[in-house]
Amino acid sequence: MLNIEKKAVAKAVGMLACALLASPAAADDAARIKELERKLERSMQLIENLSAKVSELEKAKAPAPAASPAAADQQARVEALERQVAQLGSGISRRSFDDGIPVHGFADVGLAHSGEHNPIFGKGRKGFNVGSFDLYLTPQFGDRVRSLIELVFEVDHDGDIATDLERLQIGYAFSDAAVAWGGRFHTPYGYWNTAFHHGAQIQTSLSRPRFLEFEDKGGILPAHTTGAWLTGALPLAGNRFGYDVYVGNSSSLRVENTATTLSANNAAAFNSQVSAGGYAGGGALNMKMAGGDSGSYMTGFNAWIEPRAIDGLRLGVHGLGGSITDDSADRNRTRLAALGAYGVFASERWEVLGEFYRFNNRDLSGGSGSHRSWAGYLQAGYNSGRWTPYVRGERASLEQKDNYFAVQEFGRSYRRFVAGLRYDLDPKAALKLELSRTSQEDLGLGGDDRYGAAQLQYSIRF
Amino acid sequence: MRNAKLARSAVLGLILAPLAAIADGYVIAHSSVNVAPGDVREIYVGNMQFAGSVKLVPVDNGAVQGDFLSKVIKTDPDRYATIWAKKGFRDGLNPPPVKSGDAEVMDFVKRTPGAIGYVSTNPGGANIIVKY
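Being a predicted model, the structure only gives us computed values, none of them experimental.

J.: What exactly am I supposed to notice about the packing of aromatic side chains here?
T.: The geometry of two aromatic rings is summed up by the distance between their centres and the angle between their planes. As enumerated under the stated definition, the model contains 23 aromatic pairs over all chains in all. Taking 6.0 Å as the distance between ring centres and 20° as the angle between the ring planes, the aromatic pair formed by A:F106 and A:Y136 counts as stacked. Taken together, the residues span a long stretch of sequence, with A:F106 in strand β1 (residues 103-114) and A:Y136 in strand β4 (residues 126-137) at a distance of 30 residues. Under the relative-accessibility criterion, A:F106 is labelled buried at 2%. On the numbers, 3.7 Å between centres and 10° between planes, the contact of B:F68 with B:Y118 is stacked. One end of the pair, B:F68, is in helix α3 (residues 65-73); the other, B:Y118, is in strand β7 (residues 115-119), and 50 residues separate them in sequence. Overall, the relative accessible area of 0% leaves B:Y118 in the buried class. Taken together through their ring pairs, the aromatic side chains of A:Y189, A:Y191, A:W192, A:F196, A:F211, A:Y342, A:Y357 and A:Y377 make up a single cluster. Positioned above the aromatic ring of A:Y414 is the side chain of A:R210, whose terminal nitrogen or guanidinium carbon lies 4.8 Å from the ring centre. Above the face of the A:W304 ring, A:R314 is positioned so that its terminal group lies 3.6 Å from the ring centre.

Right, dumping it as C-alpha cells:
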C-alpha cells in the first residue's frame, strides 16, 4: 500500500514539473524549479519515514511468536504424564501378573432329595452333599508348547473322597488349524463332554444328561481317552470350521461288581451269555490309562461349523469306534460304533443345546449279531439378567441284547424330563434348583421305576 | 471455599466423563504383526492365536478395557471373563495379561514380537491395526 502511495506522489510531482517546463514563462524561472525539486526530495524522505513507522506498527500488531520447541515438548510430556497417572488409578487394580502359573477351578455343594426306589439301584440319595472340587492349570512353555493339567476330588457313592487325574495333556500348536495333544483328555464327542465336563458353574443346568455322565457315574460312553488328539479351527468365507480326530486306548468294561439281581429280574432281555455269567448290569467303563493287554485302539472324529449367518450357532457331527472287551471270564468283545450330530445356539439370551447319538454295535465274541440303540437330549434356557430358567428332555433306548449296554450298570433305557432355575449371584457363582422326573426301563419284572428328584446346587469358579 | 472447589470438580467431572466415554481408541501391534481389523475380535476371544507364522501375544489395557470391550468385542468385562474361563477350561488357553495403561501397553507392544494391544491416545508412528 505504501509503495502505491509513493508512486502516486512521484507521478504527481513529475507531471507538475513537466507542466512548468512546458510553459514559456517557466523557462526563466530555474530557481523555482530547483525549489520544487528540493520540496520533492523532502516529501520523498517524509514518505520513507512514514513507511518505516507503519511497518513498525504492523509488526507490533502481529501475533506473538510460537513457543520454543523445548517448551512445547515439555508441555506434551506433562500432558502424557497426567494421562498415565490418571490411568494408573483405574488400571492398577485390574492388572494381572505374568509370573507364576495361575490355578483355576470349580467347586460345588448341594442338597438332593430323590424318590428313586427300585430293586436294582435301591433308594435314591437324600441330604446335603459335596460335589466335586476341580483344579486345573494351563502352563504354557514358549509360543507353541501347551499343557493342561486337571485334578478332581469327588465324592463317590459311599461318601468317600476319590482323587482323579482328570486330564494330563501336553500339546504343541502348529497353527490355529492344528494343535496336537497327547495324554489323557476329555473325549471330544458331541458338545457337552468337552464344553462343560466338571465345570458345574459354566454349564447352565445343575446336572448333565444322564447318558453323558462320567464313566463311574452312569455314563455309557468313554468320557475320557488316553491317547493322541489333533484339533483345530480355521475361518473360511466368513464361517468357522473346526475338527477333532483322535486315537486312544480302547476302554474296557470292568465288571467286578456283579448285579445278579438285575440279571435274574430281566433274564429274558439280556444276552444269554451275559445273563449266564451273572454279571449283567455290574460294569463300568475303564479308559485304560496305563495301557491294556488287548492292544486295541479306539478312534473318533468331530467336525463342526459356525456359520457366519447366525451368530452363536454351531452344528456338528461326530463318530466313535473301537473294540470294547469286558473283564469277565467270558471276555465279551463288542465293536462299538457310534455316530451322532449336535446343534448349539448360544446368544446373549438363549441357550439351546441338542445332541443325538446312534449306536450300531456288533458282537465280536458271542455271535449275537448287531444291535441298534440311540440316545439324545434337547435343552433350552433363557437368560434374563441373573435368572435363567431351563428345561431338558432326555431319552435313551438301549438294546439289552447288546453286551456293551447289558454289562454296564447304567446301560438301561430311560426317559427324563428336567426343569430348573439358575440364579447368578455374581459372574463366578451360581445357585441352581433343578427338578426332574425319570422313568427307568429294562429293569425287569417289578423293576421299572418312575421317580422324581429335587436338587439344589451352589457352584463357583475361580 | 472448599465446597466451591468440590462443586467445580464435580462439574468438571460431569463434563469430562462423557468426553472420555466417546474418546477414540487405537488397536496397535508390533511391527511383526499383520492382521486385518476384523481379526481383532477373534484374537481377543482366543479364536486366533497365530497370524501366519507369528504367535500373537494380545494384552489388555486395564485403564480402558471396558470401552474396548464394548466397542470392539461387543461384550462387557463379566462376559469377557466368562469367555476366557471357558476357553481356558476347554482349550488350555490363558487370557491376555492386563497392563495398567497406555504407556505400559505401548512399551510392551513396541518390544514384544507378535504383541497386540489397545490404547486411548494416538500412539504416533506405531503399527495401528484399527481406530475405534
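What follows picks up the thread again.
J.: Hey, could you run me through unusual backbone geometry in this one?
T.: In most cases, non-glycine residues show a negative phi, while peptide bonds are predominantly trans. Residues and elements named next belong to chain A. In this model, A237 sits at a positive phi of 55°, which is unusual for a non-glycine residue. Relative to the helices and strands, A237 resides in the loop between β9 (224-236) and β10 (239-249). According to the relative accessible area criterion, A237 is exposed, its value standing at 59%. A positive phi angle is found at D442, which is not glycine, with a value near 60°. Within the element layout of this structure, D442 appears in the loop between β20 (429-440) and β21 (449-461). By relative accessible area, D442 is classed as partly exposed at 22%.

J.: How should I be thinking about empty space enclosed by the protein in this particular structure?
T.: Rolled over the atoms, a probe with the dimensions of a water molecule shows which regions are left empty. All names here are of chain A. Tallied over the full model, the rule gives one cavity of 30 Å³ or more. Taken together, L253, I324, T325, D326, N332, T334, N403 and Y404 make up the full set of residues lining the largest cavity. Taken together, the elements giving at least two residues each to the lining of the largest cavity come down to β14 (313-326) and α7 (403-406). Broken down by element, the residue count for the lining of the largest cavity peaks at three residues, all from β14. For the lining of the largest cavity, the class distribution of residues is three nonpolar, four polar and one charged.

J.: Is there a simple way to explain a negative patch on the surface in this structure?
T.: Residue and element names in this part refer to chain A. A contiguous patch of negative charge, built from D156, D158, D160 and D216, is present on the exposed surface. Mapped onto the elements, D158 comes out in the loop between β6 (145-155) and β7 (161-175). By relative accessible area, which is 67% here, D158 ends up exposed.

J.: Mind showing me how you'd approach the nonpolar core here?
T.: It is characteristic of soluble globular proteins that their nonpolar side chains tend to be buried jointly. The biggest cluster of nonpolar side chains holds 54 residues, and the ones touching the most others in it are A:Y189, A:F211, A:L212, A:L221, A:L320, A:F359 and A:Y404. When sequence neighbours within four positions are dropped, the list of residues in contact with A:L221 reads A:Y189, A:F211, A:L212, A:E215, A:L285, A:L320, A:Y357, A:F359 and A:Y404.

J.: What's the story with the pattern of salt bridges in this structure? I'm lost.
T.: When the charged atoms of two side chains with opposite charge come close together, those side chains can pair. A complete count under the given rule lists 15 salt bridges over all chains for this structure. Residue A:R314 is joined to A:E306 by a salt bridge in which the shortest nitrogen-to-oxygen separation is 3.0 Å. Among the residues examined, A:E306 registers a relative accessible area of 23% and is labelled partly exposed. The salt bridge involving B:D107 is made with B:R111; its shortest N-O contact spans 3.2 Å. Here B:D107 and its partner B:R111 are both found in helix α5 (residues 102-111), four residues apart, which amounts to about one turn of the helix. Among the residues examined, B:R111 registers a relative accessible area of 55% and is labelled exposed. If you follow the salt bridges from partner to partner, you end up with A:R240, A:E306 and A:R314 in one network.

J.: It is not clear to me how α3(B) should be interpreted in this structure. Could you clarify?
T.: Each α-helix winds once per 3.6 residues, and so residues spaced three or four apart point in a common direction. For α3(B), the complete set of buried residues consists of B:Q65, B:F68, B:L69, B:V72 and B:I73. Buried residues of α3(B) fall within an arc of 100° about the axis and therefore sit on the same side.

J.: Would you mind showing me how to read the environment of A:N239 here?
T.: Residues and elements named next belong to chain A. Residue placement: N239 occurs in strand β10. In the structure, N239 is positioned 105 residues away from D134 in sequence and 34 Å away in space, judged by C-alpha atoms. Within the structure, N239 has its side chain in polar contact with the backbone nitrogen of R308 (distance 2.7 Å).

J.: How should the pairing of strand β13 (residues 297-306) of chain A be read in this particular structure?
T.: The two faces of a sheet get side chains in turn, since along a regular strand they alternate between them. Residues and elements named next belong to chain A. Pairing of β10 with β13, which is carried by 10 bridges, proceeds in the antiparallel orientation. Paired with Y246 across the bridge in β13 is G300. The pairing of β13 with β14 spans eight bridges and is classified as antiparallel. The partner of M298 across the bridge, within β14, is G322. Turn length for the β13-β14 hairpin, with the two strands adjacent in sequence and antiparallel, is six residues, and the turn residue G312 shows positive phi of about 95°.

J.: Help me understand the interface of chain B and chain A in this model?
T.: Think of interface size as the accessible area that goes away when the parts come together; that is how it is often given. Taken together, the contact between chain B and chain A spans 35 residues of the former and 40 residues of the latter. In total, chain B and chain A occlude about 3100 Å² of area from one another, counting both sides; carbon and sulfur atoms represent 47% of this. Together, B:F50, B:F89 and B:R90 form the three largest contributors to the area buried by chain B at its contact with chain A, with a combined 26%. Scanning the region where chain B abuts chain A turns up one salt bridge. Between B:R79 and A:E348 there is a salt bridge whose closest N-O contact spans 3.7 Å.

J.: Before we go on, may I ask you to explain the sheet that holds strand β1 (residues 26-29) of chain B in this structure?
T.: The strands making up a sheet associate through hydrogen bonds between their backbones, and the pairing can be parallel or antiparallel. All names here are of chain B. An order of β4-β7-β1-β8 is seen for the four strands of this open sheet, with the pairing classed as mixed. Strand pairing shows two members of the sheet lacking a second neighbour, β4 (57-58) and β8 (127-131), which therefore form its edges. Pairing of β1 with β7, which is carried by four bridges, proceeds in the antiparallel orientation. Considered in β7, the bridge of I28 is made with G117. Strand contacts of α5: β1, β4 and β7, with the helix running at about 155° to β7, the strand carrying the most contacts.

J.: Where do I start with the confidence of the model for chain A in this structure?
T.: Confidence in the prediction of chain A, expressed as mean pLDDT, is 86, and 86% of residues score 70 or more. Throughout residues 16-26 of chain A the model reports pLDDT below 50, and contacts reaching past four residues in sequence, or to other chains, amount to five contacts.

J.: Help me out: how do you make sense of the environment of B:A115 in this one?
T.: Residue and element names in this part refer to chain B. Within the secondary structure layout, A115 lies in strand β7. Between the C-alpha atoms of A115 and P58, which are 57 residues apart in sequence, the distance is 5.6 Å. Apart from the residues lying within four places of it in its own chain, the contact partners of A115 are I28, A29, H30, V33, V57, F108 and V109.

Definitions and limits used
- Residues numbered from 1 in each chain as written.
- Chains lettered and ligands numbered in written order.
- Predicted model: local features only at pLDDT ≥ 70, side-chain atom pairs only at ≥ 80, totals over all residues.
- Heavy atoms only, no water.
- Phe/Tyr/Trp six-rings, centres within 6.5 Å; stacked < 30°, edge-to-face > 60°.
- Helix = DSSP H or I, 4+ residues; strand = E, 2+ residues; numbered from the N terminus.
- Buried < 20%, exposed > 50% of the residue type's maximum accessible area, 1.4 Å probe, protein only.
- Lys NZ or Arg CZ within 6 Å of the ring centre and 35° of its normal.
- 1 Å grid on protein atoms, 1.4 Å probe; cavity = no way out; pocket = protein on both sides within 12 Å on 5 of 7 lines; lining within 4 Å.
- Points joined across faces, edges and corners; volume = space filled by probe spheres on them.
- Nonpolar A, V, L, I, M, F, W, Y, C, P; charged D, E, K, R; others polar.
- Patch = residues over 30% accessible without salt bridge, like charges linked within 9 Å, V, L, I, M, F, W, Y side chains within 5 Å.
- Areas by Shrake-Rupley, 256 points an atom, 1.4 Å probe, with all protein chains shown as cover.
- Salt bridge = Lys/Arg side-chain N within 4 Å of Asp/Glu carboxyl O.
- Lys, Arg positive; Asp, Glu negative; His and termini not counted.
- Charge placed at Lys NZ, Arg CZ, Asp CG, Glu CD.
- Core = buried A, V, L, I, M, F, W, Y, C linked by side-chain atoms within 4.5 Å.
- Contact = heavy atoms within 4.5 Å.
- Arc of directions from axis to C-beta.
- Polar contact = N/O pair within 3.5 Å; in protein donor to acceptor, adjacent residues only side chain to side chain.
- Pairing = 2+ DSSP bridges.
- Buried area = accessible area lost by both parts, 1.4 Å probe.
- Axes fitted to C-alpha atoms, helices over the stretch in contact; angles between N-to-C directions.
- pLDDT = per-residue confidence, 0-100.

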